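Residue strings, one per chain:
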Amino acid sequence: MLQEHTPFILFANCIPVRGARRSTICDLQRGLVHPIPNGLHEVVTAGRGRTLAELRAIYGPGSAEVLEEYFTFLLANDLGFWCADPSAYPDLDLSWDHPGRVSNAIVDVGTESDHDFGSLVRQLDALGCRALQLRVFAPWPLGRLDAALGHTLGSRLRTIEVIFPWSAEWTAQEMSDLVFKHQRVSSMLVHSAPEGRTQEFRPGDTPVHYTPQVVDHHSHCGQVHVGYFAVTLGAFTEARGANSCLNRKLSVDAHGEIRNCPSMPRSFGNAATVPLAAALEADGFREHWGVSKDQVATCRDCEFRYVCTDCRAWLRDPADARSKPARCSYDPYTATWGADPVPAAVVQLAASAPAERVARREPAVACVG
Ligand code: SF4
Ligand code: SF4
């Protein structure tokens, strides 16, 4: 119910973000993004803690209907509350840090790969890595995947995403046993499958998703789409001051080359001879870590900029290191997506960055964008 003379404030976990054409309120507790008009953004920021009667007086007699609509929306979506003493509810601390030199890693596997998984996992562990994405592009026996994952059993990794090619040589039961054995696998995607489907095994086990899409190269990565937004406190706060994909990321490509991400041009040595910690310290390795969306053309005006995963490997203008990701069709100046932003069955490789992003099994976002 609307109240005339009691101030209104947003819940601390509901953060307004202004965009060029419209804004959002990011509900970091429920993992929801609510697009809102810029007028409502102004009401909940500049007008924070004001009463409805005060706001009517500020915006004039013609504002009554719109203000009523705004507050009805805020209450219906449980985004804030009437509060006699707003000063008793300080803003959330939006600083971000990670207790390790690396937070997430990608390891690619192709026909030519000869990775020492035991060594890689031990080194990532020592660097404080919490999330791993293993992307297998070429046919691989299930036993080799099991052996690779076996090295993670005693590690401090919290989440592991696996992208793996379909094969007629293993059965559903063998896949079920693998998922059961490796409970830290939070996402299992089987590509090049005869059909798209989802296989559920025991209650609580990670479901296995199958897609007919062929994922045989690192260049499949970098798609930007509303379904891939990461709406968590960790992802949001990191994106405010650092790159939402590349920050604290370390990758080993299919040839063993150590890069920030497998699609970035520069190698910092081969993992067969160069310790990951040494590559991390090399000049240039962290070049893109601090590039936040606020520094990227177009993205800086986008209302999704703190929940969207960036890409610095595939750029709209390759000559400009601060240009918008090439694989985003969203236009924040018209608030519209391109006709076909992402193929229906697209596979998102790697854009997952911090542990929170890797941890999500399904898109944790409801957005009418
Ligand atoms: S989304 Fe991230 S990991 Fe993927 S290509 Fe772009 S920068 Fe690399
Ligand atoms: S314009 Fe930038 S911030 Fe907005 S959705 Fe596209 S890539 Fe993300």
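Basis of the calculations
Residues numbered from 1 in each chain as written. Chains lettered and ligands numbered in written order. Predicted model: local features only at pLDDT ≥ 70, side-chain atom pairs only at ≥ 80, totals over all residues. Heavy atoms only, no water. Helix = DSSP H or I, 4+ residues; strand = E, 2+ residues; numbered from the N terminus. Rg over C-alpha atoms; globule rule 2.2 N^0.38 Å. Buried < 20%, exposed > 50% of the residue type's maximum accessible area, 1.4 Å probe, protein only. Near = heavy atom within 4 Å. Nonpolar A, V, L, I, M, F, W, Y, C, P; charged D, E, K, R; others polar. Domains from an automatic or database assignment. Contact = heavy atoms within 4.5 Å. Buried area = accessible area lost by both parts, 1.4 Å probe. Salt bridge = Lys/Arg side-chain N within 4 Å of Asp/Glu carboxyl O. Polar contact = N/O pair within 3.5 Å; in protein donor to acceptor, adjacent residues only side chain to side chain. Axes fitted to C-alpha atoms, helices over the stretch in contact; angles between N-to-C directions. Parallel < 35°, antiparallel > 145°, perpendicular 65-115°, else oblique. Pairing = 2+ DSSP bridges. 1 Å grid on protein atoms, 1.4 Å probe; cavity = no way out; pocket = protein on both sides within 12 Å on 5 of 7 lines; lining within 4 Å. Points joined across faces, edges and corners; volume = space filled by probe spheres on them. pLDDT = per-residue confidence, 0-100. Sits in = over half its atoms within 2 Å of the grid points.

J.: Report on the overall build of the protein, specifying residues and quantitative values.
T.: Tallying secondary structure elements over the protein gives 9 helices and 13 strands in all. Expected size for 369 residues packed as a compact globule is a radius of gyration near 21 Å; at 23 Å, the protein falls within 12% of this value. With the C-alpha coordinates aligned to their principal axes, the bounding extent of the protein is approximately 70 × 45 × 40 Å. In the protein, which comprises 369 residues, the proportion classed as buried is 54%.

J.: Tell me about the site of ligand 1, and name the residues and values.
T.: Ligand 1 sits among 13 residues. The nearest are C221, C245, C261, C311 and W314. For the shell around ligand 1, the residue count by class is 9 nonpolar, 2 polar and 2 charged.

J.: Go over the domain arrangement of the protein, please, and point to the residues and values.
T.: Assigned domains within the protein: domain 1 (8-88) and domain 2 (104-359). Look at where the C-alpha atoms of domain 1 and domain 2 centre, and you get two points 35 Å apart. Facing the 15 residues of domain 1 at the interface are 16 residues of domain 2. When domain 1 packs against domain 2, close to 1200 Å² is buried across both sides, 69% of that on carbon and sulfur atoms. Broken down residue by residue, the surface that domain 1 buries against domain 2 is led by R21, R22 and L28, which jointly contribute 43%. Counting across the interface, domain 1 meets domain 2 through 1 salt bridge. Here R22 makes a salt bridge to E303, at a shortest N to O gap of 2.7 Å. Across the contact surface, domain 1 and domain 2 share 6 residue pairs in polar contact (both at pLDDT 80 or more). Going through the elements one at a time, strand 2 (14-18), strand 3 (23-27) and strand 4 (32-36) are the ones with two or more residues in the side of domain 1 that touches domain 2. The element best represented in the side of domain 1 that touches domain 2 is strand 3, accounting for 4 residues.

J.: Go over the packing of helix 5 (residues 142-150) against helix 6 (residues 172-181) with me, naming the residues and quoting the values.
T.: It is the contact of helix 5 with helix 6, at a shortest axis distance of 11 Å, that shows an interaxial angle of 0°. For the element pair helix 5 / helix 6, the angle class is roughly parallel. Along its contact with helix 5, which presents L142, L145, D146 and L149, the element helix 6 presents E174, M175, L178 and K181. Among the residues making up the contact of helix 5 with helix 6, the classes are represented as 5 nonpolar, no polar and 3 charged.

J.: Residue-level account of the sheet that holds strand 7 (residues 131-136), with values.
T.: Reading across the sheet, the 8 strands line up as 10-11-9-8-7-6-12-13 and stay open at both edges, with mixed pairing between neighbours. Lying at the two open borders of the sheet, with one neighbouring strand each, are strand 10 (197-199) and strand 13 (258-259). Running over the sheet, helix 5 touches strand 7, strand 8 (159-165) and strand 9 (185-191) and is turned about 165° from strand 8. Strands in contact with helix 6 are strand 9, strand 10 and strand 11 (208-210); relative to strand 9, the strand with the most contacts, it is inclined by about 155°.

J.: So what's going on with the layout of surface pockets? Which residues, and what values?
T.: Of the voids in this model, the second largest pocket is the one considered here, and its volume is about 280 Å³. Taken together, 16 residues line the second largest pocket, and the ones lying closest to its centre are F11, A12, C14, R48 and D91. Top contributing element to the lining of the second largest pocket by residue count: strand 2, with 3 residues. A per-class count over the lining of the second largest pocket returns 13 nonpolar, 1 polar and 2 charged.

J.: Describe the confidence of the model for the protein, and please don't skip the residues or the numbers.
T.: Per-residue pLDDT for the protein has a mean of 91; in total, 92% of the residues score no lower than 70. For the stretch residues 341-369, pLDDT sits under 50, and the model shows 110 contacts to residues farther than four places along the chain or on other chains.

J.: Could you give an account of the pairing of strand 12 (residues 249-252), with specific residues and numbers?
T.: Neither face of strand 12 is exposed, since K249 and S251 on one face and L250 and V252 on the opposite face are all buried. Where strand 6 (residues 104-109) and strand 12 come together, 4 bridges link them in parallel fashion. Paired with V107 across the bridge in strand 12 is V252. The hairpin formed by strand 12 and strand 13 contains 5 residues between the paired strands, and G256 there has a positive phi angle of roughly 90°.

J.: I'd like a rundown of empty space enclosed by the protein, residues and numbers included.
T.: Any empty space left between atoms is shown by rolling a water-sized probe over those atoms. Tallying each qualifying case throughout the model produces 5 cavities of 30 Å³ or more. Counted as a void, the second largest cavity has a volume near 110 Å³. C299, C302, C308, C328 and Y330 are the residues nearest the centre of the second largest cavity, which is lined by 15 residues in total. Each residue belonging to the lining of the second largest cavity can be placed in one class, and the counts come to 11 nonpolar, 1 polar and 3 charged.

J.: Give a detailed account of the site of ligand 2, specifying residues and quantitative values.
T.: Near ligand 2 the following residues occur: V224, K293, C299, C302, R305, C308, K324, P325 and C328. When atom positions are compared with the pocket grids, ligand 2 is found to occupy the second largest cavity. Of the residues belonging to the shell around ligand 2, the class tally is 6 nonpolar, no polar and 3 charged.

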